[in-house]
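# Results of the structural survey
Each chain is listed here by its residues.
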Amino acid sequence: VKNVINQNYQEPAPVRPIVLGFSQLGSESAWRNANTMSIREAAEEAGIELRFENADQSQSKQFEAVRSFIKQKVDVIAIAPVIESGWEPILKEVKQAGIPLIMLDRLANVSDPSLYVTYIGSDFYEEGRKAGKYVIDKMSSKKDNIGIVELVGTEGSTPSIARGKGFRDVIKNHTNLKILKSEPADFTFEQGKQVMKSFLTKMGSDIRVLYSHNDDMALGAIEAIEEYGLRPGKDIIIISVDGTNKAFEKMAQGKINSVVECNPLLGPNLMQAVNELIQGRSLPKRIVTPESVFTETMAEAEVGKRKY
Ligand code: AHR
């Protein structure tokens, strides 16, 4: 057999990894750090090159990151938007550059839904409803007025808007459940503690329930309640959202009564969506992560098993 040399043969172009630009909104909470970790790990596992920018809760830093991803000609852009408003112009720039865009965790409020391909994340409205249902059940034997305070996350962010609305929609027909005060504390431990302190100074033991939009703020509030001389979980019923290990520890000690789960481990879903997009498949407009509710009786068994 003669060796025939094919003159037209060309070396195949080297296969380059998919490049994903991700604008993370910040590192304000344990949830956020677990979310970042999940994305980094999943990118590595999937062989996707991740260009990661942390915006420290600043929308203008997110804009800078997105513009630099456009300049770098990344294959896909993903954004976890700090707040919902103000995104339309920059998302138009992304569309003009022909780069597909994925919303992760939070949503941007845009009039043209073709500006993003899919939105991957939790159903925050449902989380608020679950928190409201817990309060109704827990307080069902009480006929007197129950004063509730609410620690809201970042003002104008998707979870703050939807968790607040879901909660109100569920409790609205229970006229003895009264929201005394509702204030933003930016999803952080420090602000949770500070705002709870001011609630206690103004309303003291009129506060019977604390609804906190995340665990970090609830943990800060627990310190404020103890310093004020009341017992968290007993004098003040506490319901929080996320399901971090630290919150489970407090729940096992009876200092938090219930936690509505919000899953930060979105890395694998994001990488799958990126791969499918690059292969030309179409994605559902909304990808929702399944989540549970936990109460004190389950806490002991769960502590230490949580991945975040
Ligand atoms: O967007 C998800 C929320 O953001 C989490 O509940 C909170 O902990 C985080 O900061």
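Quick look at the structure, then.

Scoring rules and cut-offs
- Residues numbered from 1 in each chain as written.
- Predicted model: local features only at pLDDT ≥ 70, side-chain atom pairs only at ≥ 80, totals over all residues.
- Heavy atoms only, no water.
- Helix = DSSP H or I, 4+ residues; strand = E, 2+ residues; numbered from the N terminus.
- Expected span 1.5 Å × (residues − 1).
- Buried < 20%, exposed > 50% of the residue type's maximum accessible area, 1.4 Å probe, protein only.
- Polar contact = N/O pair within 3.5 Å; in protein donor to acceptor, adjacent residues only side chain to side chain.
- Pairing = 2+ DSSP bridges.
- Axes fitted to C-alpha atoms, helices over the stretch in contact; angles between N-to-C directions.
- Contact = heavy atoms within 4.5 Å.

So, about helix α4 (residues 124-138). Under the 1.5 Å per step criterion, the end-to-end length of α4 is 21 Å for 15 residues, consistent within 8% with the ideal 21 Å. Within α4, burial applies to Phe124, Glu127, Gly128, Lys130, Ala131, Gly132, Tyr134, Val135 and Ile136. Capping of α4 at its N-terminal end is provided by Asp123; its side-chain oxygen lies 3.3 Å from the backbone amide nitrogen of Tyr125.

Before going further, it helps to examine the sheet that holds strand β9 (residues 237-242). Pairing is mixed in the open sheet, where six strands are placed in the order β7-β6-β8-β9-β10-β12. Lying at the two open borders of the sheet, with one neighbouring strand each, are β7 (177-184) and β12 (293-295). Across this sheet, the average inter-strand angle for adjacent strands is 15°, counted without regard to direction. With three bridges joining them, strand β10 (residues 258-261) and β12 adopt antiparallel strand pairing. In the strand pairing of β12, Val260 is matched with Val293. Across the sheet, α4 lies against β6 (146-152), β7, β8 (207-212), β9, β10 and β12, angled at about 160° from β9, the strand it touches most.

Before going further, it helps to spend a moment on the side chain of Ser240. Mapped onto the elements, Ser240 comes out in strand β9. For Ser240, a relative accessible area of 0% corresponds to the buried category. A polar atom in the side chain of Ser240 sits 3.2 Å from the backbone oxygen of Asn214. Side chain to side chain, Ser240 and Asp215 meet in a polar contact 2.6 Å long. Not counting residues within four places of it along the chain, the set of residues in contact with Ser240 comprises Ser212, Asn214, Asp215, Ala218, Ser258, Val259 and Val260.

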